[in-house]
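Observations on the model geometry
Each chain, letter by letter, is given below.
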Protein chains: 2
Amino acid sequence: MLYIIGLGLGDEKDITVKGLEAIKICNKVYIEAYTSLLSFGISSNGLSTLEEMYGKPLIVADREMVEERSDVIFSEACESNVAFLVVGDPFGATTHTDLVVRAKKEGIEVKVIHNASVMNAVGVCGLQLYRYGETVSIPFFTDTWRPDSFYEKIQKNRSLQLHTLCLLDIRVKEPSLESLARGRKIYEAPKYMTIPTAIEQLLEIEQIRGESAYNEDTACVGLARLGSEDQMVVAGSMRDLLDIDFGAPLHCLVIVGKTHPLEQEMLEFYSLKKGVPEK
Amino acid sequence: MLYIIGLGLGDEKDITVKGLEAIKICNKVYIEAYTSLLSFGISSNGLSTLEEMYGKPLIVADREMVEERSDVIFSEACESNVAFLVVGDPFGATTHTDLVVRAKKEGIEVKVIHNASVMNAVGVCGLQLYRYGETVSIPFFTDTWRPDSFYEKIQKNRSLQLHTLCLLDIRVKEPSLESLARGRKIYEAPKYMTIPTAIEQLLEIEQIRGESAYNEDTACVGLARLGSEDQMVVAGSMRDLLDIDFGAPLHCLVIVGKTHPLEQEMLEFYSLKKGVPEK
């Protein structure tokens, strides 16, 4: 049996009781390392907090391992119980859907244990989840690569008066271009997009396209470390949020559509106009 | 402190370790009764499974209590720790946002403990969450009340090639019209919309509006008891799903937009064409 277990968003205690019980009957426990393990108290020496809680050693699986060497995981899961731990919910990332598809094709029994993910925990800011349109991703711009497919999606959501959740780029264990050119992979330091960087890129594209999808006065909500003890939520215009230090990753951004009175009331708790941003 | 704690979707073991620890330090534990407690092993005698696990008595809070008598909960939360348990995630329903807003206005410290909800667990069918448009609700039609605001929303989602999550009506503790007329509330038996009923209503509205937002051949995914041990997921056309007995509630329905190859591969595991519906 292959258990795909969501860890939730905050810390080691956000796993469900069901997830924890599943880990205890597993012979091998993998943990994905290609989104973010930042909030799980992982030191450079290992995975102490999680391993201590589970009473088991963890095998860190990076994207390469999951995409290229899954046959090892699958053959183990044929003979015994194997856990694959995922930050947030198992179906938050395409990579995990791919893992499930391949496991099922091999005839392996797969059991999913759900948890919170950014896709539903973003509800904490008060904007109702059923009033969101398509989710967009904001990738890091480089000198030569400035993809702007998010622009039209935001434009469509806004024309329908819907909110837009913007997921901000994460670059973990990416081989540097230079090292690829030399034929030997050397990995860049992890890189996480901040809310101000995302807004800069959004405004740059608006300036180029000029179709008034949004502007500096557009209402937004910035959310950092969602679900953690020190999460930070600030509501304000794009201009306002540009100057705010949201601290450590992960960050995400919501572009606000038309709000109902209850949504507006909730946003006001997080509004810059109230003085110090609420935690 | 007021803890708003998500219970997740399946059974009593879907609570997080953090949520369980919070309950243990609370003097009073309320549980919402106005969405669904079906999957939590609650007998007519009480809340045995949950109470046993928590080692505490639970106070069932229906919508009336939460909306009208929250001052009692708030005054308790001023002086001690109070837990308010919610099926799924705390921000899945407007009512809970309203509770948080009112608590914050009273100056009460609120702490939210997230969990899985239908909004992200629906990812299990393989359709990527970022490719969903606005979520719609399908209300029970009556002889005189057949609201169809979902139609235009589905139409817009489909024109953008996005998937649509349809949440199906739940009627718990609704006073009967007859009893209201007599000035004394008598509650109707709980009523949960099935997937076939939702599809019948959808097709009825398509026939009236005739704008080809969808038809009997439109690809859908029906999901019953999402996150439970006996969850059922079936992919097929509206016509196909009309004849399927999905069993006990809760049900929800996804109207499929344009699929990517990975989404298509995943859907095929749940496809009717493969014979017996997979569990």
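For every chain, the first residue of the written sequence is number 1, and numbering continues from 1 along that sequence. Lettering for chains starts from A, numbering for ligands starts from 1, and both go in the order in which the items are written. Reporting in this predicted model follows two pLDDT cut-offs: at least 70 for local features of residues, and 80 or more for side-chain atom pairs to be given and counted; totals over whole chains, interfaces and linings ignore these cut-offs and use all residues. Excluded from the side-chain calculation are hydrogens and water; included are all heavy atoms of the structure.

Another aspect to go through is the confidence of the model for chain A. Confidence of the predictor at the level of single residues is captured by pLDDT, which takes values from 0 to 100. Of all residues in chain A, 89% have pLDDT values of 70 or greater, and the mean over the chain is 89. In this description, contact between two residues means that some pair of their heavy atoms is separated by no more than 4.5 Å. pLDDT under 50 marks residues 275-279 of chain A. Its contacts with residues more than four places away, or in other chains, come to 7 contacts.

Before going further, it helps to spend a moment on the side chain of Asp 14 of chain A. Secondary structure elements are taken from DSSP: a helix is a run of H or I of four residues or more, a strand is a run of E of two residues or more, and numbering for both begins at the N terminus. Within the secondary structure, Asp 14 of chain A sits in the loop between β1 (2-6) and α1 (17-24). We call a residue buried when its accessible area falls under 20% of the maximum for its residue type, exposed when it is over 50%, and partly exposed in between, using a 1.4 Å probe and counting protein chains only. In this structure Asp 14 of chain A comes out as buried when scored by relative accessible area, which is 7%. Engagement of the side chain of Asp 14 of chain A in a polar contact is seen with the backbone nitrogen of Asp 11 of chain A, the distance being 2.9 Å. With residues near it in sequence (within four places) discarded, Asp 14 of chain A still touches Leu 7, Gly 8, Leu 9, Asn 115 and Gly 227 of chain A together with Thr 16 and Lys 18 of chain B. N or O atoms closer than or at 3.5 Å make up a polar contact, with two conditions inside protein: a donor-capable atom paired with an acceptor-capable one, and, for residues adjacent in sequence, both atoms drawn from side chains.

Strand-to-strand pairing in sheets goes through backbone hydrogen bonds, with the strands running parallel or antiparallel. All names here are of chain A. Two strands make a pair as long as DSSP finds a minimum of two bridges between them. Read from one edge of the open sheet, 5 strands run β6-β7-β12-β10-β11, paired in mixed fashion. Bordering the open sheet on either side are β6 (136-138) and β11 (232-237), each of which pairs with just one other strand. Here the strands of the sheet are splayed against their neighbours by 25 degrees on average, with no regard to which way each runs. Alignment of strand β7 (residues 164-168) against strand β12 (residues 251-255), held across 4 bridges, turns out to be antiparallel. Across the sheet, Thr 164 pairs through a bridge with Ile 255, a residue of β12. All axes here are fitted lines through C-alpha atoms, helices being fitted over the stretch that makes contact, and every angle between N-to-C directions spans 0 to 180 degrees. The sheet contacts of helix α7 (residues 149-159) involve β6, β7 and β12, and relative to β6 the element is tilted by about 140 degrees. In the packing of helix α9 (residues 195-209) onto the sheet, contacts are made with β6, β7, β10 (219-224) and β12, and the angle to β12 comes to roughly 45 degrees.

On to the relation of the copies chain A and chain B. The pair of chain copies shares a relation made of a rotation about an axis and a shift along it. Superposing copies: least-squares fit, C-alpha atoms only, residues required to have pLDDT of at least 70 in both. Under the fitted operation, chain A is carried onto chain B by 0.0 Å of movement along the axis and a turn of 180 degrees, and the coordinates agree to an RMSD of 0.0 Å. Such a turn and shift between the copies fits a two-fold axis. Here 100% of the interface residues in chain A have copies in chain B that are interface residues too; the copies meet face to matching face.

Our focus in this paragraph is the UniProt feature "binding site: S-adenosyl-L-methionine" (unreviewed entry) in chain A. Residue and element names in this part refer to chain A. UniProt positions are given in the numbering used here, feature names are shortened, and annotations may be inferred rather than shown by experiment. Those residues carrying the UniProt feature "binding site: S-adenosyl-L-methionine" (unreviewed entry) are Leu 9, Asp 89, Gly 92, Ser 117, Val 118, Leu 168, Leu 226 and His 251 in this numbering. Counting through the fold element by element, Asp 89 comes out in the loop between β4 (82-86) and α5 (94-105). You can call Asp 89 buried: its relative accessible area is 2%. Exposure remark for His 251: the relative accessible area of 7% places this residue in the buried category. Look past the residues within four positions of His 251 in its chain and what remains in contact with it is Leu 168, Met 193, Thr 194, Ile 195, Leu 223, Ala 224, Arg 225 and Phe 246. For His 251, the side chain forms a polar contact with the main-chain oxygen of Gly 247, separated by 2.8 Å.

This part is about the interface of chain A and chain B. Facing 50 residues of chain A, the contacting portion of chain B comprises 50 residues. In this assembly, chain A packs against chain B so that about 4,600 Å² is buried in total across both faces, 60% of it on carbon and sulfur atoms. The rule for a salt bridge is simple: a side-chain nitrogen of Lys or Arg has to be within 4 Å of a carboxyl oxygen of Asp or Glu. Put simply, chain A and chain B have 12 salt bridges between them. Between Glu 265 of chain A and Lys 105 of chain B there is a salt bridge, and its shortest N-O distance comes to 2.1 Å. At the boundary of chain A with chain B, the tally comes to 27 residue pairs in polar contact (both at pLDDT 80 or more). Mapped by element, the contributors of at least two residues to the side of chain A that touches chain B are α1, α5, α6 (118-121) and α11 (261-269) of chain A. Looking at the side of chain A that touches chain B, the element that brings in the most residues is α5 of chain A, giving 7 residues. In the side of chain A that touches chain B, the residues fall into 21 nonpolar, 13 polar and 16 charged. Here the quantity called buried area is the accessible surface, traced with a 1.4 Å probe, that two parts lose on coming together, added over both. Polarity classes work like this: nonpolar for Ala, Val, Leu, Ile, Met, Phe, Trp, Tyr, Cys and Pro, charged for Asp, Glu, Lys and Arg, and polar for all others, with Gly in that last group.

Two kinds of site are reported from a 1 Å grid over the protein atoms alone, namely cavities, where a 1.4 Å probe fits but cannot get out, and pockets, open sets with protein on both sides within 12 Å along at least five of seven lines, and residues are called lining when an atom falls within 4 Å of a point. Grid points are joined across faces, edges and corners, and a volume is the space filled by probe spheres set on the points. With the rule as written, the count across this model stands at 1 cavity of 30 Å³ or more. The volume enclosed by the largest cavity comes to roughly 220 Å³. As for the largest cavity, its lining consists of 16 residues, and the residues nearest its centre are Met 119, Leu 129 and Tyr 132 of chain A together with Met 119 and Leu 129 of chain B. Its residues placed into classes, the lining of the largest cavity shows 11 nonpolar, 4 polar and 1 charged.

Between 30 and 60 degrees the pair is tilted, below 30 it is stacked and above 60 it is edge-to-face, where a pair is any two Phe, Tyr or Trp rings, Trp via its six-membered ring, whose centres lie within 6.5 Å. Under the defined criterion, the tally for this structure stands at 4 aromatic pairs over all chains. Measuring from ring centre to ring centre gives 6.5 Å for Phe 141 of chain A and Phe 150 of chain A, while their planes differ by 15 degrees; the resulting arrangement is stacked. Neither Phe 141 of chain A nor Phe 150 of chain A differs from the other in exposure class; each is buried. Whether a charge lies above a ring is judged from NZ of Lys or CZ of Arg, which has to be within 6 Å of the ring centre and within 35 degrees of the ring normal. We note Lys 104 of chain A situated over the ring of Phe 269 of chain B; from NZ or CZ to the ring centre the distance is 5.4 Å.

What follows is about the pattern of salt bridges. Side chains that differ in sign of charge can pair as their charged atoms come close. Under the definition given, this model contains 34 salt bridges over all chains. Residues Lys 18 of chain B and Asp 11 of chain A are paired through a salt bridge, measuring 3.3 Å at the closest nitrogen-oxygen approach. Taken as a pair, Lys 18 of chain B in helix α1 (residues 17-24) and Asp 11 of chain A in the loop between β1 and α1 lie in two separate chains rather than in one. With respect to class, Lys 18 of chain B is no different from Asp 11 of chain A; both count as buried. Across the pair Glu 21 of chain A and Lys 13 of chain B runs a salt bridge whose closest N-O atoms are separated by 3.0 Å. In this pair, Glu 21 of chain A is assigned in helix α1 and Lys 13 of chain B in the loop between β1 (2-6) and α1, connecting two distinct chains. On the accessibility criterion, Glu 21 of chain A (38% relative accessible area) is partly exposed.

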